[in-house]
Amino acid sequence: MSSASTARTAPPAWEFTPGRPALATIGGLTAMAEAEPWLISVRAELEAALREYGAVLLRGLPLAGVDDFAAVRDVLLPQPTPYREKATPRSDFGNGVYSSTDLPPSQPIRMHNENSYTLTFPGLLMFACLVAPSEGGATPVADCREVLRLLPDSLVERMRTTGWLLRRSYSDNISTHWTTAFATEDRSEVERYCAENLVSHQWQGDGNLRTSQLRPGIVRHPATGEEVWFNHLAFWNEWSLDEELREALIDEFGWEGLPFNTSFGDGEPLTKDELDLIQDAYDRATVRAPWQVGDLLLVDNVLTAHGRDPFRGDRRIVVAMGNPVEITDCDPGVHPAP
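Quick caveat, the model's predicted, so the values are computed rather than measured. (Residues numbered from 1 in each chain as written. Predicted model: local features only at pLDDT ≥ 70, side-chain atom pairs only at ≥ 80, totals over all residues. Heavy atoms only, no water.)

Engineer: Help me understand the sheet that holds strand 11 (residues 209-215), please; the structure alone is not making it clear to me.
Structural biologist: Where strands meet in a sheet, backbone hydrogen bonds hold them as pairs that are either parallel or antiparallel. What the four strands build is an open sheet, ordered 10-11-9-14; its pairing is antiparallel. Lying at the two open borders of the sheet, with one neighbouring strand each, are strand 10 (200-203) and strand 14 (260-264). Here the average twist between neighbouring strands, direction ignored, is 15°. Sheet topology note: the strand 9 (residues 164-170)/strand 11 ladder contains seven bridges and is antiparallel. Its bridge partner lying in strand 11, Y170 is registered against L209. (Pairing = 2+ DSSP bridges. Helix = DSSP H or I, 4+ residues; strand = E, 2+ residues; numbered from the N terminus. Axes fitted to C-alpha atoms, helices over the stretch in contact; angles between N-to-C directions.)

Engineer: Hey, could you run me through the packing of aromatic side chains in this one?
Structural biologist: By convention here, two paired aromatic rings are described through the distance between centres and the angle between planes. Applying the stated criterion to the full structure yields nine aromatic pairs. When the centroid spacing of 5.4 Å and the interplanar angle of 55° are considered together, the rings of Y170 and F182 count as tilted. Note that Y170 is positioned in strand 9 and F182 in the loop between helix 7 (178-181) and helix 8 (187-196), a separation of 12 residues in sequence. Residue Y170 is classed as buried on the basis of its relative accessible area of 2%. Arranged with centres 5.5 Å apart and planes meeting at 70°, the rings of F182 and Y193 form a pair that is edge-to-face. (Phe/Tyr/Trp six-rings, centres within 6.5 Å; stacked < 30°, edge-to-face > 60°. Buried < 20%, exposed > 50% of the residue type's maximum accessible area, 1.4 Å probe, protein only.)

Here it is, written out as structure tokens:
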């Protein structure tokens, strides 16, 4: 049997290296015409691996460009999930393919579960490397089951009973404008979205927008029933900002004018020490692998948080999101509210 035939029929064999995600190296696939039927044949194995490991890396697929990635997306993500309440700039490469983020290369992105603040969010994320950076730039992942186990009981119980609050200030100056975040220039459309998605909103005198929403911070995976730490509490908290930047923003715009801020669901602020405890749990649960061209990283967005390391050189990581999940299907202990 040829290597190509073997690759088309053999399920992935997972390799485990400390500090790195589960890896399967695929051989014998030289064109997408071979890769697509192989992916279809092993889809059940990939889903099982994701439920067990939270994230898996496939290496050796013939992914050379945007159209190749779109073909893989159509196989593995038949139900797309839109990026709602946008927060970071992304480039559109065509064919429904976008960059993971266009934030400056020197800026790390903290661990988070994509769209954890929305009522419907992607269950599966798919990243692929079209151009690998010369230094850094990994997409680290952290098992949120392990994050939950590593956090102090008192902090976990507080989140379990109160949830978390997100406050956003949309403007031209220091954050995403509301027309970009909600993909409309019609205020009534924004108001309709907020009403339907349990988001409190307030228009400012200068035409800008402020919103807030209460969300559960601990949920259960809809398929496995496992509890996970699932939120943006640390990601968008004021203590995550550089200290000088934080003080400058508060001096200029006031605490309520920060582009993002979070607290526990009862309104009590997160302390710097508590943020450090959460960050330490993420750090201890995080694994990463340097990108190679053609790599495909699959991430269960409920079981696993992801981020981005700073980098140098060109980096072209594309992303797709799909398999939508409703927060109500995750047994939330705290019900979403405006």
